[in-house]
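# Per-entry structural report
Now for the letters of each chain:
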Amino acid sequence: MGVKMIATNRRARFDYEVQESFEAGLVLLGSEVKSLRNHGASIAESFAQVKAAEAWVMGMHIAPYSFAREGGHDPLRPRKLLLHRREIDRISSRVAERGLTLVPLRLYFRDGKAKLEIALAKGRTKVDKRQVIREREQRREMERGLRQVGRRVGGF
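Below, the discussion takes up helix H2 (residues 30-37). Considered for burial, the residues of H2 that qualify are Ser31, Glu32, Ser35 and Leu36. On an axial view of H2, the arc spanned by its buried residues comes to 140°, and they lie on one face. Directly after H2, the chain includes His39, whose backbone phi takes a positive value near 60°.

So, in C-alpha cells, the structure goes:
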C-alpha cells in the first residue's frame, strides 16, 4: 500500500536541528482515524514527551469527524505513542542529559496504520537560523548558475 502523507511540520526542520528520528504508532479512536483519512490533522503546534515510561504527543489537532456518534472525540487530547521499550528509554535518557526536545515531523499512513515520525532535536538560536537561510540562498544561487551555464553550452 505504501505511504500516504497526512500532515507535515515544515517549521520543525527550521526551528530545530534534527539529530535522530523514530517512527511511532498512535493509539487513536475510530472517529480520529476517519478524520485523518480526510486530512483533518495539524501537527504544527504539537510536541511529544515521555511520562511514566510512556511516550505521548500533546497538542496534535485532529478535527472532529462530522459523522461520529455521540460527539466524536476531543480534538486536542493527548495521544499515546507506540514505541519499543528500549526506544523510550533511549529517548528519555537523551532528553534528560542533553536537553534535547522531542518534536513531531510528519504524520502519515503506512500500510493502513497511522504513524508519527518524531525526532530528537536541539533548538536553534536566531543566529543559527540566519546561517541556515544564508546557506540555502547560496545553494540556490549555485544551482541557478549551473543551469545557466548548461543552457549556454547546449544551446547552440
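Where a strand is regular, its side chains alternate between the two sheet faces. Two strands pair when backbone bridges link them, and strand E2 (residues 16-26) and strand E9 (residues 113-123) are joined in this way by nine bridges, in the antiparallel orientation. Directly across from Glu17, in E9, lies its bridge partner Lys122. Two strands pair when backbone bridges link them, and E2 and strand E7 (residues 79-82) are joined in this way by two bridges, in the antiparallel orientation. Along E7, the bridge assignment pairs Leu26 with Leu81.

Time to look at the environment of Gln138. When you line up the elements, Gln138 lands in helix H4 (residues 126-154). Considering only alpha carbons, one finds Gln138 and Pro75, 63 residues apart in sequence, at a separation of 41 Å.

This paragraph deals with the pattern of salt bridges. One pass over the structure, following the stated rule, counts 12 salt bridges. For Asp15, the salt bridge is made with Arg11, and the minimal N-O distance between the two is 3.3 Å. Note that Lys129 and Asp15 form a salt bridge whose closest N and O atoms lie 3.2 Å from each other. Within this pair, whereas Lys129 is found in helix H4, its partner Asp15 is found in helix H1 (residues 12-15), the two being separated by 114 residues in sequence. Its relative accessible area of 21% is what places Lys129 among the partly exposed residues. Salt bridges linked by common partners bring Arg11, Asp15 and Lys129 together as one network.

Tracing the sequence through the fold places Asn9 in the loop between strand E1 (3-8) and H1. A relative accessible area of 8% means that Asn9 is categorised as buried. Residues within four places of Asn9 in sequence aside, it is in contact with Ile43, Ala44, Val103, Pro104 and Leu105.

The element E9 is extensively covered by neighbouring structure, given that eight of its 11 residues are classed as buried. With antiparallel pairing between neighbouring strands as the criterion, strand E8 (residues 101-110) and E9 make up a hairpin whose turn holds two residues, including Asp111 at a positive phi of roughly 50°.

Within soluble globular proteins, side chains that are nonpolar tend to cluster in buried spots. Leu26, Leu36, Leu81, Leu83, Leu107, Leu116 and Ile118 are the most contacted members of the largest nonpolar core, which totals 26 residues. Put simply, the parts of the chain that give this core at least two residues each are E1, E2, strand E5 (54-58), helix H3 (85-98), E8 and E9. With four residues, the single largest contributor to this core is E9. By size, the runner-up hydrophobic cluster in this structure holds five residues, among which are Ala12, Val103, Ala119 and Ala121.

Further remarks concern the environment of Asp89. In this fold, Asp89 is placed in helix H3. Looking at Asp89, the relative accessible area reads 41%, which means it is partly exposed. Spatially, the C-alpha atoms of Asp89 and Asn9 are 25 Å apart, while their sequence positions differ by 80 residues.

Moving on to the packing of aromatic side chains. Under the definition given, this model contains one aromatic pair. The interplanar angle of 70° and the centroid separation of 5.8 Å between the aromatic rings of Tyr65 and Phe67 together place this pair among those described as edge-to-face. In this structure, Arg37 is placed above the aromatic ring of Phe109, and the distance from its NZ or CZ to the ring centre is 4.3 Å.

Criteria and cut-off values
- Residues numbered from 1 in each chain as written.
- Predicted model: local features only at pLDDT ≥ 70, side-chain atom pairs only at ≥ 80, totals over all residues.
- Heavy atoms only, no water.
- Buried < 20%, exposed > 50% of the residue type's maximum accessible area, 1.4 Å probe, protein only.
- Helix = DSSP H or I, 4+ residues; strand = E, 2+ residues; numbered from the N terminus.
- Arc of directions from axis to C-beta.
- Pairing = 2+ DSSP bridges.
- Salt bridge = Lys/Arg side-chain N within 4 Å of Asp/Glu carboxyl O.
- Contact = heavy atoms within 4.5 Å.
- Core = buried A, V, L, I, M, F, W, Y, C linked by side-chain atoms within 4.5 Å.
- Phe/Tyr/Trp six-rings, centres within 6.5 Å; stacked < 30°, edge-to-face > 60°.
- Lys NZ or Arg CZ within 6 Å of the ring centre and 35° of its normal.

Worth remembering: the numbers are spatial, not functional.
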